[in-house]
Amino acid sequence: MAASGVGSECAIFPTNNDVAIMPENLIFSFDRVFKPDSQQLEVYDFVGKETIEDVLNGYNGTIFAYGQTGSGKTHTMYGDIYDPDLKGVIPRAR
């Protein structure tokens, strides 16, 4: 996991649950980490599908998008509603 210097990656993803911040090699663990090349369907299947099914069965459910301005919250939740590959969580809930 050695990376340093100008033009190198500032974060690497050793597993689906970890992010390593370079060059300090600080590792943060989460329930799931989606890499920059993740597809919308992959995100929906992990964070949305089960919650939406529960809501349709009468349970309360919340999907909360939180992050820095420009980090992709709206893209994750809406995406391009006319493109099947780029649809976000909300259009896939239909």
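Check the entry above for the structure.
Residues numbered from 1 in each chain as written. Predicted model: local features only at pLDDT ≥ 70, side-chain atom pairs only at ≥ 80, totals over all residues. Heavy atoms only, no water.

(A) Geometry of the packing of aromatic side chains. Under the defined criterion, the tally for this structure stands at two aromatic pairs. Pairing F34 with F46 gives two aromatic rings, centres 5.9 Å apart and planes at 75 degrees, and the pair type is edge-to-face. Here F34 is found in the loop between β3 (26–29) and α1 (40–56), whereas its partner F46 is found in helix α1, with 12 residues between them in sequence. Looking at F34, the relative accessible area reads 25%, which means it is partly exposed. Plain terms: the ring middles of F64 and Y66 are 6.2 Å apart, the flat faces sit at 15 degrees to each other, and that makes the pair stacked. Accessibility classification places F64 together with Y66 in one group, the exposed group. (Phe/Tyr/Trp six-rings, centres within 6.5 Å; stacked < 30°, edge-to-face > 60°. Helix = DSSP H or I, 4+ residues; strand = E, 2+ residues; numbered from the N terminus. Buried < 20%, exposed > 50% of the residue type's maximum accessible area, 1.4 Å probe, protein only.)

(B) Expanded view of a nonpolar patch on the surface. Taken together, the side chains of L26, F28 and F30 define a hydrophobic patch exposed on the protein surface, amounting to about 300 Å² of accessible area. Its place among the elements puts F28 in strand β3. On the accessibility criterion, F28 (41% relative accessible area) is partly exposed. (Patch = residues over 30% accessible without salt bridge, like charges linked within 9 Å, V, L, I, M, F, W, Y side chains within 5 Å. Areas by Shrake-Rupley, 256 points an atom, 1.4 Å probe, with all protein chains shown as cover. Salt bridge = Lys/Arg side-chain N within 4 Å of Asp/Glu carboxyl O.)

(C) Examining the layout of surface pockets more closely. Quantified by volume, the largest pocket comes out at close to 1000 Å³. Forming the boundary of the largest pocket are 30 residues, of which R32, F34, Y66, S71 and T76 lie nearest the centre. Taken together, the residues of the lining of the largest pocket sort by class into 17 nonpolar, nine polar and four charged. (1 Å grid on protein atoms, 1.4 Å probe; cavity = no way out; pocket = protein on both sides within 12 Å on 5 of 7 lines; lining within 4 Å. Points joined across faces, edges and corners; volume = space filled by probe spheres on them. Nonpolar A, V, L, I, M, F, W, Y, C, P; charged D, E, K, R; others polar.)

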